[in-house]
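# Examining the three-dimensional arrangement
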Amino acid sequence: MQPIHILLLIAAYFGILLLISYLTGKNAGNDTFFKANRQSPWYVVAFGMIGASLSGVTFISVPGWVEASQFSYMQVVLGYLIGYFVIAYLLMPIYYRLNVTSIYQYLEQRFGTVSYKTGAFFFFISRVLGASFRLYLVAIVLQHYIFNQWNIPFEITVILSIILIWIYTFRGGIKTIVWTDTLQTLFMLLAVGMAIYYINDKIGWTLSEFMASDELNTYQKSFFFDDFLSKNHFFKSFIGGMFIAICMTGLDQDMMQKNLTCRNLKEAQKNMISFSLVLVIVNFVFLLLGALLFIYAEKFNIAIPVMDGKTKTDLLFPEIAIQGELGIVLAISFILGLIAAAYSSADSALTSLTTSFCIDFLKIEKRDSKDQTKVRKYTHVGMSILLILVIILFKHVLTENVISNLLTVATYTYGPLLGLFAFGIFTKYTIYDQYTWLVALSAVLIIIGISNIPKEFIGGYQMGYELLPLNGLLTFIGLILIRRK
């Protein structure tokens, strides 16, 4: 598939998104941008959230991770499932009862202004990094397969990607995102299904033959109980996955903003439960695809792609889909799936960052009504520029698989949010609000120190996702120390 064909395909795809943006952005004000007027059908939100949760990281990076980790990611995914139930029946009732626009407004009502700003700040850092990880992954694929051949710098690729997102989100905001997410989820799932079908057909397998093959058995070990010291032990992965879901969805303005567009709490809970059950199946299919990609690469002597002198397993799926001999249909479906997967999370991240900054830091609701729309639009531009700068920085500092980096960062940045919300929900204490930022920062610094302890110093124990709940626990203990008598 030639680069010009890929660009034309992307242009056609964005034409559809712009049409959706036009239809959903008519007469859109700030209430539409931030809350979609609380009129989103729950089943539309649920389907769209699949794409937003998976993103380009799952679409490319999870299959590329199979060689190194087999199916151990399923341990984390099962933890996600429990976490989503906690969100539906513990956190959502609080958000709907308080009728918040930003979920961190709960912290202001519970503790005070400093706690509120602290929570919003940690979300802001978390989402900037998370969205940048996802967009970075797509940008390197576009760079490797399109723009390198025209000698266009990586920085230009990133700028173009962000501009495209800004164009179709600046008017309708979250209302546009709810509907574009459904289209993007559909394209992503179709791409995965097509890839599994065409690769099996090329090998000469039916789906049942692939599932029963010895080659698959070498990759599909899912549960690891034998070595508690290892990073991927079941207990550590499961508990970590549960808290990752609670934090990266339930305590994350990006994900919860979509849920808060549902008509009422009951519909929002239907959305969350149905979405969580489907997500387990979808993640398992992605792991199957990853095993199939490595089996196919071995059978047909396809080398792992190299970028900047380093092997990138994240690029194996695009290498086979675009450069392989599986036909134009798979190449087209892959490009559509990739763009859909990436932008289904990145566009909502840009919208949620704009929302959080406007509500939590600029207090836009207290400004004159004539200035509110102008402030929101300027903030939207500012968030776009920030994402561009962070993605460009990632090109020079990232060395590992992207999903590994993403989950590692989550253990640092979401821990204080976990501790703050847990303390607010499960205790009745008030605190000396002015010291909250110090507690949160101290917890993060301690976790960074613990994570960098050489495993030889602690009996060979490898730190994993359990650092996230530990971070939350340290924050919780710190809040006890600053409680009011």
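All values reported here derive from a predicted model rather than from experimental measurement.

In this structure, F59, Y95 and I199 are the most contacted members of the largest nonpolar core, which totals 150 residues. Broken down by element, the residue count for this core peaks at 18 residues, all from helix α13 (residues 265–299).

Once that is clear, we can look at α13. The first and last C-alpha atoms of α13 sit 51 Å apart over 35 residues, in line with the 51 Å expected at 1.5 Å per residue. Measuring from the backbone nitrogen of K266 back to the side-chain oxygen at the start of α13 gives 3.2 Å, which picks out N264 as the cap.

What follows deals with the packing of aromatic side chains. One pass over the full model with this rule turns up 24 aromatic pairs. Plain terms: the ring middles of Y95 and F421 are 6.5 Å apart, the flat faces sit at 85° to each other, and that makes the pair edge-to-face. Of the two residues, Y95 is situated in helix α4 (residues 73–98) and F421 in helix α18 (residues 415–426); the sequence distance between them amounts to 326 residues. In textbook terms, an aromatic cluster arises when at least three aromatic residues are bridged by ring pairs, as seen for Y95, Y104, Y106, F123 and F421.

Let us now look at α4. Its 26 residues place the ends of α4 36 Å apart at the C-alpha level, agreeing with the 38 Å of an ideal helix rising 1.5 Å per residue. The largest bend in α4 amounts to roughly 40° and is located at L91, with the proline P93 lying one to four residues further along. One or two residues past the end of α4 sits N99, with phi positive at roughly 55°.

Turning to the side chain of D252, a few remarks are in order. Among the secondary structure elements, D252 is positioned in the loop between α11 (234–250) and α12 (253–259). At 3.2 Å, the side chain of D252 and the backbone nitrogen of M255 are in polar contact. Polar contacts involving the side chain of D252 include one to the side chain of Y414, which spans 2.5 Å. Once you skip the residues sitting within four places of it in the chain, D252 turns out to touch I103, Y104, F123, R127, C247 and Y414.

With that settled, the discussion passes to the confidence of the model for the chain. Of the residues in the chain, 90% reach a pLDDT of 70 or more, and the chain-wide mean stands at 83. Mean pLDDT across the secondary structure elements of the chain bottoms out at helix α2 (residues 30–35), with 59, and peaks at α18, with 95.

In this section: unusual backbone geometry. In terms of backbone geometry, most residues other than glycine have negative phi values and most peptide bonds are trans. Phi at Q70 is positive, roughly 55°, even though this residue is not glycine. Here Q70 is to be found in the loop between α3 (42–69) and α4. Here the phi dihedral of N301 falls at roughly 55°; this positive angle occurs in a residue that is not glycine. The topology assignment puts N301 in the loop between α13 and β1 (306–307).

Let's shift gears to a nonpolar patch on the surface. On the surface, a cluster of nonpolar side chains totalling about 500 Å² of accessible area is made up of L18, I156, I159, L160, I163, L164 and I167. Examining the composition of the nonpolar patch, we find that six residues originate from one element, helix α7 (residues 154–169), more than from any other. Within the fold, I159 resides in helix α7. A relative accessible area of 32% means that I159 is categorised as partly exposed.

The geometry of helix α6 (residues 113–145) relative to helix α16 (residues 369–397) is characterised by a closest axis approach of 9 Å and an angle of 60° between their N-to-C directions. It follows that α6 is oblique to α16 by the angle criterion. The interaxial crossing formed by α6 with α16 has right-handed handedness. Listed contacts from α16 to F124, V128, L129, A131, S132, F133, L135 and Y136 of α6 are M383, L386, L387, V390, I391, F394 and K395. Residues of the contact of α6 with α16, tallied by class, amount to 13 nonpolar, one polar and one charged.

Moving on, we come to the pattern of salt bridges. The tally for this structure, following the rule as stated, stands at four salt bridges. In this structure, R263 engages E267 in a salt bridge whose closest nitrogen and oxygen atoms are separated by 3.8 Å.

Below, the discussion takes up the packing of α4 against α11. A pair of packed helices is characterised by two quantities: the angle between their axes and the separation of those axes. Where α4 contacts α11, the two axes come as close as 7 Å, and the packing angle between them is 35°. The handedness of the crossing between α4 and α11 is right-handed. Between α4 and α11, the residues in contact are Q75, V76, L78, G79, Y80, I82, G83, Y84, V86, I87, L91 and Y95 and F234, S237, F238, G241, M242, I244, A245, I246, T249 and G250, respectively. In terms of residue class, the contact of α4 with α11 is made up of 15 nonpolar, seven polar and no charged.

Criteria and thresholds
Residues numbered from 1 in each chain as written. Predicted model: local features only at pLDDT ≥ 70, side-chain atom pairs only at ≥ 80, totals over all residues. Heavy atoms only, no water. Core = buried A, V, L, I, M, F, W, Y, C linked by side-chain atoms within 4.5 Å. Buried < 20%, exposed > 50% of the residue type's maximum accessible area, 1.4 Å probe, protein only. Helix = DSSP H or I, 4+ residues; strand = E, 2+ residues; numbered from the N terminus. Expected span 1.5 Å × (residues − 1). Polar contact = N/O pair within 3.5 Å; in protein donor to acceptor, adjacent residues only side chain to side chain. Phe/Tyr/Trp six-rings, centres within 6.5 Å; stacked < 30°, edge-to-face > 60°. Bend = angle between axes of the 7 residues up to and from the residue. Contact = heavy atoms within 4.5 Å. pLDDT = per-residue confidence, 0-100. Patch = residues over 30% accessible without salt bridge, like charges linked within 9 Å, V, L, I, M, F, W, Y side chains within 5 Å. Areas by Shrake-Rupley, 256 points an atom, 1.4 Å probe, with all protein chains shown as cover. Salt bridge = Lys/Arg side-chain N within 4 Å of Asp/Glu carboxyl O. Axes fitted to C-alpha atoms, helices over the stretch in contact; angles between N-to-C directions. Parallel < 35°, antiparallel > 145°, perpendicular 65-115°, else oblique. Left-handed = near helix turned anticlockwise from the far one by under 90°. Nonpolar A, V, L, I, M, F, W, Y, C, P; charged D, E, K, R; others polar.

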